[in-house]
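Below, each chain spelled out in residue letters.
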Amino acid sequence: MGCFGGGFMNQYSPYGRIHTSYDNYSYGTQSIVKMTRREKLTLSFTSGAIGLCIIMFHFFGDLFVRIAKETSIIKYYNDSYIVFNTVQIFFSLFMIVLPFAIGGLIIKLFIQKDVQLLPLQKPNSGKLFTAALEISFLTLVVSNFVTSLFVLSAEGMGFQFDGGAAVDPENFEDFLWQVLSTAVVPALAEEFAVRGVVLQSLRKFGDTFAIITSAFIFAILHGNLVQAPFALMLGLVIAWLVIVTDSLWTGIAIHFMNNLYATIVTALSVFLPEIAYVAIVAVINVLGALLGLVALIWFIDKYKKKIRLNEPGGNTKAAQALYRKTAFRYTVFSVPMLVALIIMFVEIGANVHYVG
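Residues numbered from 1 in each chain as written. Predicted model: local features only at pLDDT ≥ 70, side-chain atom pairs only at ≥ 80, totals over all residues. Heavy atoms only, no water.

Asks: Residue-level account of the overall build of the protein, with values.
Replies: Scanning the protein for helices and strands turns up twelve helices and two strands. The C-alpha atoms of the protein give a radius of gyration of 21 Å, which matches the 21 Å a tight globule of 356 residues would have. Its C-alpha atoms give the protein principal-axis dimensions of roughly 65 × 45 × 45 Å. Residues counted as buried form 47% of the 356 residues belonging to the protein. Partitioning the intrachain contacts of the protein with sequence separation of at least 6 by distance along the chain shows that 82% fall at a separation of at least 24. Accessible area of the protein: about 17,700 Å², with a carbon and sulfur share of 68%. Measuring between centres, the 24 positive side-chain charges of the protein sit 19 Å from its 21 negative side-chain charges. (Helix = DSSP H or I, 4+ residues; strand = E, 2+ residues; numbered from the N terminus. Rg over C-alpha atoms; globule rule 2.2 N^0.38 Å. Buried < 20%, exposed > 50% of the residue type's maximum accessible area, 1.4 Å probe, protein only. Contact = heavy atoms within 4.5 Å. Areas by Shrake-Rupley, 256 points an atom, 1.4 Å probe, with all protein chains shown as cover. Lys, Arg positive; Asp, Glu negative; His and termini not counted. Charge placed at Lys NZ, Arg CZ, Asp CG, Glu CD.)

Have a look at this one:
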């Protein structure tokens, strides 16, 4: 697992031995093992720390905007592409990295001292890593399509969504700055936060539970219903592939690819005639989706029986589902997480308008 082309599971990796470390039941003996009081407390405190991260994420963003407005830099924000993207970079670091670094430190020092929040080892297989990128591009195409249908349907019913504002590049230098601020930095910052701090700290309580929870948090952190459905679908796949390849670098690469794709498509729409733009994007999407489909079929054929996610609770699907239900309940009903969810849902709601 420590190098490309290695074995699928490495007994020396904390994730290779996750099943023997975390499962508290033995096959063929107990069919149901309920979450212990200690596990409930650990999960509640972990959820509280993540909720605190989300709260800080929200208010740190507001604080950064207020500070920026008081400085002379605001005069050049809309007039200089370099200033605009530099501010965006520092905004990501202040709004995402700092809150989740604080939360991750709390989890590591006081709640789960043995957790590995940043699995930065190489992916366990070069072929699997390549397949993960191809599968994620298929997900990107499908998610874009589903999100477009959702937005169009909502608009048809009279709803209007506010999304993130963007400034189009005017030349190649602008394009490179946009790649840095919208693809490189967010890929590192958001993967550290969501597939690092959130996903890894929840995996002790089940991989499926951790995948779903981290994807949901990833979605609401976007703060609007234009990006949230897409983020939810892609977030599920990224989290799963990070676990399957045993490396956060997989999530970083997928996130970078997704944002780079969006940046390139935006640039093409600016510099090319509409007919050429539509044709090129269609070819990219079709070829990428086909490669992703082939990779998915290869993955299912080669790894379907080799992958076993950590699913505590018992040796039956029903027992594991019961444990997962308990995990969701103790995650949602920690006070900081409840406050965080209310704040984020209010923010999302504020970006939805009924125009008739």
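Asks: Break down helix H9 (residues 248-271) for me, with residues and values.
Replies: With 24 residues, H9 extends 35 Å from end C-alpha to end C-alpha; this agrees with the ideal 34 Å at 1.5 Å per step. If you check the start of H9, you find a side-chain oxygen 3.1 Å away from the backbone N of Trp-249, and it comes from Ser-247. (Expected span 1.5 Å × (residues − 1). Polar contact = N/O pair within 3.5 Å; in protein donor to acceptor, adjacent residues only side chain to side chain.)

Asks: Go over the pattern of salt bridges with me, naming the residues and quoting the values.
Replies: Inspection of every chain in the model, using the stated rule, returns three salt bridges. Between Asp-207 and Arg-203 there is a salt bridge, and its shortest N-O distance comes to 2.8 Å. One exposure class covers both Asp-207 and Arg-203, and it is buried. Between Glu-311 and Arg-324 there is a salt bridge, with its nearest N and O atoms 3.2 Å apart. Of this pair, Glu-311 sits in the loop between helix H10 (274-303) and helix H11 (317-332) while Arg-324 sits in helix H11, and the two are 13 residues apart along the sequence. The same class applies to Glu-311 as to Arg-324, namely buried. (Salt bridge = Lys/Arg side-chain N within 4 Å of Asp/Glu carboxyl O.)

Asks: Lay out helix H6 (residues 172-202) with the relevant residues and their values.
Replies: Taking 1.5 Å of rise per residue, 31 residues should cover 45 Å, and H6 covers 42 Å from first to last C-alpha, within 8% of that figure. Taking the largest bend as the criterion, H6 deviates by roughly 40 degrees, centred on Pro-186. H6 sits mainly inside the fold: 23 of its 31 residues count as buried. For H6, the N-terminal capping position is held by Asn-171, with its side-chain oxygen 3.2 Å away from the main-chain nitrogen of Glu-173. (Bend = angle between axes of the 7 residues up to and from the residue.)

Asks: Could you give an account of the side chain of Thr-213, with specific residues and numbers?
Replies: Locating Thr-213 in the fold gives a position in helix H7 (residues 207-220). Those residues in contact with Thr-213, other than ones at most four positions away along the chain, are Leu-202, Phe-328 and Thr-331.

Asks: Break down the nonpolar core for me, with residues and values.
Replies: One finds Ile-50, Ile-54 and Phe-100 to be the most contacted residues of the largest nonpolar core, which totals 57 residues. In terms of residue count, the dominant contributor to this core is helix H8 (residues 228-245) (ten residues). If we ignore the near neighbours within four places in the chain, the residues touching Ile-50 are Ile-107, Val-198, Ser-201, Leu-202, Ile-217 and Met-337. Ranked by size, the runner-up nonpolar core spans seven residues in total, among them Leu-128, Ala-131, Val-244 and Phe-299. (Core = buried A, V, L, I, M, F, W, Y, C linked by side-chain atoms within 4.5 Å.)

Asks: Residues and numbers for unusual backbone geometry, please.
Replies: Here the phi dihedral of Asp-246 falls at roughly 60 degrees; this positive angle occurs in a residue that is not glycine. Overall, the relative accessible area of 3% leaves Asp-246 in the buried class.

Asks: Outline a nonpolar patch on the surface, supporting the account with residue identities and numerical values.
Replies: A surface patch of nonpolar side chains, amounting to about 390 Å² of accessible area, comprises Ile-212, Phe-216, Leu-232, Leu-236 and Phe-345. Listed by contribution, the elements that provide at least two residues to the nonpolar patch are H7 and H8. On the basis of relative accessible area, Leu-236 is assigned to the partly exposed category, the value being 32%. (Patch = residues over 30% accessible without salt bridge, like charges linked within 9 Å, V, L, I, M, F, W, Y side chains within 5 Å.)

Asks: Would you mind going over the packing of aromatic side chains in detail, with residue names and values included?
Replies: Evaluated as defined, the whole model comprises 14 aromatic pairs. With a centroid separation of 5.0 Å and 45 degrees between ring planes, the pair formed by Tyr-77 and Phe-84 is classed as tilted. The exposure class assigned to Phe-84 is buried, which follows from its relative accessible area of 11%. Among the aromatic residues, those joined into a cluster by ring pairs are Phe-60, Phe-64, Phe-91 and Phe-94. Sitting over the face of the ring of Phe-218, Arg-195 holds its NZ or CZ atom 4.2 Å from the ring centroid. (Phe/Tyr/Trp six-rings, centres within 6.5 Å; stacked < 30°, edge-to-face > 60°. Lys NZ or Arg CZ within 6 Å of the ring centre and 35° of its normal.)

Asks: I'd love a proper account of the environment of Gly-104, names of residues and values included.
Replies: Relative to the helices and strands, Gly-104 is located in helix H4 (residues 81-111). Judged by its relative accessible area of 6%, Gly-104 falls in the buried class. A sequence separation of 29 residues divides Gly-104 from Lys-75, and the C-alpha atoms of the two residues are 36 Å apart. Among residues more than four places away in sequence, those in contact with Gly-104 are Leu-117 and Val-197.

Asks: Pulling in residues and values, what's your account of the packing of H7 against H8?
Replies: Remark: H7 packs on H8, axes separated minimally by 8 Å, with the N-to-C direction vectors making an angle of 145 degrees. Seen from above, H7 lies across H8 with right-handed handedness. Facing H7, whose interface residues are Asp-207, Ile-211, Ile-212, Ser-214, Ala-215, Phe-216, Phe-218 and Ala-219, H8 presents Ala-228, Ala-231, Leu-232, Gly-235, Leu-236, Ala-239, Trp-240 and Ile-243. For the contact of H7 with H8, the residue count by class is 13 nonpolar, two polar and one charged. (Axes fitted to C-alpha atoms, helices over the stretch in contact; angles between N-to-C directions. Left-handed = near helix turned anticlockwise from the far one by under 90°. Nonpolar A, V, L, I, M, F, W, Y, C, P; charged D, E, K, R; others polar.)

Asks: Pulling in residues and values, what's your account of the environment of Ser-80?
Replies: Position of Ser-80 among the secondary structure elements: in the loop between helix H3 (74-77) and H4. Within the structure, Ser-80 has its side chain in polar contact with the backbone nitrogen of Val-83 (distance 3.2 Å).

Asks: Before we move on, could you go through the confidence of the model for the protein and cite the residues and values that matter?
Replies: This prediction gives the protein a mean pLDDT of 90; 91% of its residues lie at or above 70. When mean pLDDT is taken per element in the protein, H7 scores highest with 98 and helix H1 (residues 18-22) scores lowest with 33. (pLDDT = per-residue confidence, 0-100.)

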